[in-house]
Amino acid sequence: MAALEGIEVTGPLRERYDEILTPEALGLLAALQREFGARREELLEARAARQERLSAGGTLDFLPETAGIRADDAWRVAEPAPGLVDRRVEITGPTDRKMTINALNSGAKVWLADFEDANTPLWENMIEGQLNLRDALDRTIDFTDPRSGKSYALKDDGELATIVVRPRGWHMVEKHILVDGKPVSGSLVDFGLYFFHCARRQTEKGKGPYYYLPKMEGHLEARLWNDVFNLAQDTLEIPRGTIRATVLIETIPAAFEMEEILYELRDHSAGLNAGRWDYLFSVIKKFRDRGTGFVLPERNAITMTAPFMRAYTELLVRTCHKRGAHAIGGMAAFIPSRRDEEVNKIALEKVRADKTRESEDGFDGSWVAHPDLVPVCREVFDGVLGDRPNQRDRLREDVRVSAGDLLNVAATPGEITEAGLRNNIDVALRYLATWLDGAGAVAIHNLMEDAATAEISRSQVWQWIYNGVALKEGQKVTKDLVGRLLDEELAKIRAELGDAYNEPRYDQAVALFKEVTLADEYSEFLTTPAYERMP
Ligand SMILES: CC(=O)SCCNC(=O)CCNC(=O)[C@H](O)C(C)(C)COP(=O)(O)OP(=O)(O)OC[C@H]1O[C@@H](n2cnc3c(N)ncnc32)[C@H](O)[C@@H]1OP(=O)(O)O
Ligand SMILES: O=CC(=O)O
Ligand SMILES: [Mg+2]
């Protein structure tokens, strides 16, 4: 389809896609890409340059050039926007039709409508997700499950969660939309299409176009988002400051720039979130080649009470509340079950413990991955907040966190066992097969797995091979060992799934897994080579 000069849509145009990919909406995407595309690329190059410094033995620290921003006690972020004042429970999930209705009806205050960790960026998922959001706001969304015959419809407006959209991170492109011959930034596509179609729909309902911003590595990336917001608002003649954005602090470099990130976005800021899974991934990634002192225990052994994780979350709450911003907690990965009472009981207990710690630490609300977890999270935060909408007044001036505390990876209790290595292989394979099939979130062994958790699994395997880590049982992790265990785990999956084993998908998953664990070069993101395999 040739829409406007220099803009080409190469993805298939299925039913109703023309309602989203209008010339005017594509025009906004092109304007954003032309204005900000080069800056985005420079910032990605800056990430690579920082990695080179770290790999050469460098470290991370609070920035001397922004000390003035941190020392200036006068500034605050904007007051919370309508629909974002009370955020005690936020549900996250993909934007397919059924999940959209279920999430909005879940009783959570906020729904993080995910085009990122919980989503496979299949062309159909991206465009149909936008249609579903628009239909939800128009209240024309409904769904009948062809298998169960169950019908889905929205509750009354006042009972629905506030929508907060999470676009793809700065590293991703949308290969089906070309501007001047180049794929457009995935972030700009997801941001721009939702903004174009839904900003006014939201303001007419008394809310606004709200976003969660993922995987940023520093305040200059936040400045880029702020400039994107201003141009988009000016273009549609929507007042500056209508957009609100909560930034995920989910990379280790960003933990050193929390205050600066809030400052850059201060007129659009809705606070920070502690994205624990990508944070762990980032810690592994950034220090992957720095020897065993930076090697974490196996994934399932790392908890939020590890000293470096505690330092990060405590600093996040203190930073947010000092600036009048919300601090939002992260995702406990335990998924409840409606079929297995014991699994359900354990999940509810674990999630309750996690939310209790967060609420007592001063977070204003937190995330859940499943509607059955909404009541637990609400109950825990009700206990701390009572009638207050948040606890931004809890300043946590007692918190003192140094650069050394944030980097204190070595003090993390836990081991690396053969079972841990096998689990990383098994989970990564199952997740990749699911991802390549079009679903970005799945429950595996009663835990939620998404792009962030899969990144941890594959990065640990790469790091353990690179550093010749010895398992508790004594064996050194080598490419040969991983290759052998990979064959064994795959055979188990094949036996377990029987007729449901999707051979071509698992073949692709194995090839991808080998590419991102056994290659000498580390892939910065699993989703980049995975996206290349996608139509
Ligand atoms: C690291 C991070 O970024 S965390 C944030 C990103 N990750 C996520 O958002 C994961 C969100 N969660 C999910 O996608 C799902 O809960 C899964 C895939 C983990 C499990 O889903 P299922 O296997 O469908 O669970 P289950 O069968 O128990 O679901 C029961 C019902 O709850 C619904 N449901 C489950 N999770 C959600 C959700 N997050 N949002 C809306 N509805 C949901 C299901 O659609 C199903 O509805 P139905 O009874 O009407 O058919
Ligand atoms: O996006 C959240 C995370 O934990 O990663
Ligand atoms: Mg994440």
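Residues numbered from 1 in each chain as written. Chains lettered and ligands numbered in written order. Predicted model: local features only at pLDDT ≥ 70, side-chain atom pairs only at ≥ 80, totals over all residues. Heavy atoms only, no water.

Moving on to empty space enclosed by the protein. For the structure shown, the criterion picks out 3 cavities of 30 Å³ or more. As for the largest cavity, its lining consists of 14 residues, and the residues nearest its centre are Glu 116, His 171, Met 172, Ala 451 and Thr 527. By residue class, the composition of the lining of the largest cavity is 5 nonpolar, 4 polar and 5 charged. Roughly 60 Å³ of internal volume is contained in the second largest cavity. (1 Å grid on protein atoms, 1.4 Å probe; cavity = no way out; pocket = protein on both sides within 12 Å on 5 of 7 lines; lining within 4 Å. Points joined across faces, edges and corners; volume = space filled by probe spheres on them. Nonpolar A, V, L, I, M, F, W, Y, C, P; charged D, E, K, R; others polar.)

Next up on the list: the layout of surface pockets. Within this model, the second largest pocket holds a volume of roughly 580 Å³. Looking at the second largest pocket, it is lined by 24 residues, and the ones nearest its centre are Ile 302, Thr 303, Ala 333, Phe 334 and Lys 350. Elements that contribute at least two residues to the lining of the second largest pocket include exactly α10 (276-286) and α12 (341-361). Looking at the lining of the second largest pocket element by element, the count peaks at 7 residues for α12. Considered class by class, the residues forming the lining of the second largest pocket number 14 nonpolar, 5 polar and 5 charged. Lining the lining of the second largest pocket are residues from two domains, each supplying at least three of them: domain 1 (7-39 + 60-403) and domain 2 (415-532). (Helix = DSSP H or I, 4+ residues; strand = E, 2+ residues; numbered from the N terminus. Domains from an automatic or database assignment.)

To continue, consider the pattern of salt bridges. One side chain can pair with another of opposite charge once the charged atoms of both are near each other. Scanning all chains against the criterion turns up 62 salt bridges. Across the pair Glu 524 and Arg 288 runs a salt bridge, and its minimum N-O distance is 3.5 Å. Taken together, the positions of Glu 524 in the loop between α18 (503-517) and α19 (527-532) and Arg 288 in the loop between α10 and α11 (307-322) put the pair 236 residues apart, joining distant regions of the chain. The class for Glu 524 is partly exposed, based on a relative accessible area of 33%. Note on Arg 288: relative accessible area 9%, which makes it buried. Each of Asp 114, Glu 116, Asp 117, Arg 166, Lys 215 and Asp 278 takes part in a single network of salt bridges with overlapping partners. (Salt bridge = Lys/Arg side-chain N within 4 Å of Asp/Glu carboxyl O. Buried < 20%, exposed > 50% of the residue type's maximum accessible area, 1.4 Å probe, protein only.)

Within the protein, the atoms that donate to the magnesium ion (ligand 3) are Asp 117 (OD), Glu 250 (OE) and Asp 278 (OD), at distances of 2.0 to 2.2 Å. As a motif over one chain, the donors of the magnesium ion (ligand 3) read D-x132-E-x27-D. On the criterion of sequence distance, the pair formed by Asp 117 in the loop between β3 (110-114) and α5 (123-138) and Glu 250 in the loop between β10 (244-249) and α8 (252-255) is long-range, its members being 133 residues apart. Summarising the burial analysis for this pair, Asp 117 and Glu 250 share the class buried. (Donors = N, O, S within 2.8 Å, 3.2 Å for Na, K, Ca; no water.)

Look at helix α17 (residues 479-497): 27 Å from first C-alpha to last across 19 residues, which is about the 27 Å you get at 1.5 Å a residue. Taken residue by residue, α17 has Leu 481, Val 482, Gly 483, Leu 485, Leu 486, Glu 489, Leu 490 and Ile 493 as its buried positions. Along its buried surface, α17 packs onto α15 (418-436), α16 (451-466) and α18. After α17 finishes, the residue Gly 498 shows a positive phi value of roughly 55°. (Expected span 1.5 Å × (residues − 1). Contact = heavy atoms within 4.5 Å.)

This part covers the site of ligand 1. Around ligand 1 sit 28 residues, and of these Thr 92, Lys 98, Tyr 152, Ala 369 and Asp 450 come closest. Contact distances for ligand 1 include 3.0 Å between an oxygen atom and a side-chain N or O atom of Arg 166. Interatomic distance of 3.2 Å between a side-chain N/O atom of Asp 450 and an oxygen atom of ligand 1. About the coverage of ligand 1: the protein hides 85% of its 950 Å² of free accessible area. If you list the elements that add at least two residues to the shell around ligand 1, you get β2 (89-94), α4 (97-104) and β14 (442-444). (Near = heavy atom within 4 Å. Polar contact = N/O pair within 3.5 Å; in protein donor to acceptor, adjacent residues only side chain to side chain. Areas by Shrake-Rupley, 256 points an atom, 1.4 Å probe, with all protein chains shown as cover.)

With that settled, consider the packing of aromatic side chains. Counted according to the given criterion, the structure contains 19 aromatic pairs. Centre to centre, the rings of Trp 75 and Tyr 263 are 5.1 Å apart; their planes meet at 70°, and the pair counts as edge-to-face. On the criterion of sequence distance, the pair formed by Trp 75 in the loop between α3 (67-71) and β2 and Tyr 263 in helix α9 (residues 258-264) is long-range, its members being 188 residues apart. With a centroid separation of 3.6 Å and an interplanar angle of 5°, the aromatic rings of Tyr 279 and Tyr 312 are classed as stacked. With Tyr 279 in helix α10 and Tyr 312 in helix α11, this residue pair connects regions lying 33 residues apart in the sequence. Exposure class is identical for Tyr 279 and Tyr 312. Each is buried. Chaining the aromatic ring pairs together yields one cluster made of Trp 170, Phe 191, Tyr 194, Phe 195, Tyr 211, Trp 225 and Phe 229. The side chain of Lys 175 reaches across the aromatic face of Tyr 531, ending 4.5 Å from its centre. Here the basic side chain of Arg 266 rests over the ring of Tyr 263, its NZ or CZ set 3.9 Å away from the ring centre. (Phe/Tyr/Trp six-rings, centres within 6.5 Å; stacked < 30°, edge-to-face > 60°. Lys NZ or Arg CZ within 6 Å of the ring centre and 35° of its normal.)

Surrounding ligand 2, one finds Asp 117, Arg 166, Leu 248, Glu 250, Gly 275, Arg 276, Trp 277, Asp 278, Trp 367 and Ala 452. In the model, an oxygen atom of ligand 2 is placed 3.0 Å from a nitrogen or oxygen of the Glu 250 side chain. Out of a free accessible area of 190 Å², ligand 2 has 97% covered by protein chains. Element by element, the count of residues in the shell around ligand 2 is highest for α10, at 3 residues.

With that out of the way, let us pick up the UniProt feature "active site" (unreviewed entry) in the protein chain. UniProt records the feature "active site" (unreviewed entry) at Arg 166 and Asp 450, using the numbering of this structure. Considering the C-alpha atoms alone, the annotated residues occupy 285 residues of sequence yet fold into one spot, their largest mutual distance being 14.2 Å. Tracing the backbone through its elements, the reader meets Arg 166 in strand β6 (residues 162-166). Owing to a relative accessible area of 2%, Arg 166 belongs among the buried residues under this scheme. Look past the residues within four positions of Arg 166 in its chain and what remains in contact with it is Leu 112, Ala 113, Asp 114, Phe 115, Glu 116, Asp 117, Ala 118, Tyr 212, Pro 214, Leu 248 and Trp 367. Turning to its location among the elements, Asp 450 is positioned in the loop between β15 (447-449) and α16. Looking at Asp 450, the relative accessible area reads 7%, which means it is buried. (UniProt positions renumbered as here; feature names shortened; annotations may be inferred.)

Our next topic: the domain arrangement of the protein chain. The domains assigned to the protein chain are domain 1 (7-39 + 60-403) and domain 2 (415-532). Here the C-alpha centre of domain 2 lies 26 Å away from the C-alpha centre of domain 1. Each partner contributes residues to the interface: domain 1 has 41 residues there, and domain 2 has 41 residues. Interface of domain 1 and domain 2: buried area, both sides summed, is about 3,400 Å²; carbon and sulfur atoms make up 60% of it. Among the residues of domain 1 in contact with domain 2, Arg 288, Glu 298 and Arg 299 are the three that bury the most area, contributing 23% of the side total. Our count for the domain 1 to domain 2 interface comes out at 3 salt bridges. Two residues, Lys 285 and Glu 524, come together in a salt bridge whose shortest N-O distance is 3.7 Å. (Buried area = accessible area lost by both parts, 1.4 Å probe.)

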